[in-house]
Amino acid sequence: TDDKALEGRVTMQWTIDKRGRIFTASIVDNGVSSKSLGACLLRKIANWQFPEPAGGGKVEVRYPFVFKLTT
């Protein structure tokens, strides 16, 4: 893969359920040329564990992951 294909922003969205586990996850916007990077993020996020949300409800998260080459 061309290294430049890994530069850009991938905005992800996920829902944390009342137990602190990922209920759903999706790619909101993929500004990176590599489509496999977004798929990799989805797989990783699906396995994340968070503290139980206060009040026992669900939490919606939207987060931009920014990738930039450094030398």
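Since this is a predicted model, take the numbers as computed values, not measurements.

With respect to the pairing of strand β2 (residues 22-30)
- In terms of strand pairing, strand β1 (residues 8-16) meets β2 through seven bridges, oriented antiparallel. From the neighbouring strand, M12 faces β2, where its bridge partner is I27.
- Taking the residues between adjacent antiparallel strands as the criterion, β1 and β2 are bridged by five residues, where G20 takes a positive phi near 90 degrees.

Quick word on the nonpolar core
- Counting ten residues, the largest nonpolar core is built from V10, M12, W14, I16, I22, V32, L37, L41, I45 and F65.
- For this core, the elements supplying multiple residues, two or more each, are β1 and α1 (35-46).
- No other element matches β1, which puts four residues into this core.

Things to note about the sheet that holds strand β3 (residues 59-67)
- Pairing is antiparallel across the open sheet formed by three strands, whose spatial order is β2-β1-β3. For this open sheet the edge positions go to β2 and β3, each flanked by a neighbour on one side alone. Across the sheet, the mean angle separating the axes of adjacent strands is 20 degrees when strand polarity is ignored.
- Looking at chain direction, β1 and β3 are connected through nine bridges and run antiparallel. Bridge assignment links W14 to a residue of β3, and that residue is V61.
- Each of β1, β2 and β3 is contacted by α1, which is oriented at about 160 degrees to β2, the strand it contacts most.

Scoring rules and cut-offs
- Residues numbered from 1 in each chain as written.
- Predicted model: local features only at pLDDT ≥ 70, side-chain atom pairs only at ≥ 80, totals over all residues.
- Heavy atoms only, no water.
- Pairing = 2+ DSSP bridges.
- Helix = DSSP H or I, 4+ residues; strand = E, 2+ residues; numbered from the N terminus.
- Core = buried A, V, L, I, M, F, W, Y, C linked by side-chain atoms within 4.5 Å.
- Buried < 20%, exposed > 50% of the residue type's maximum accessible area, 1.4 Å probe, protein only.
- Axes fitted to C-alpha atoms, helices over the stretch in contact; angles between N-to-C directions.
- Contact = heavy atoms within 4.5 Å.

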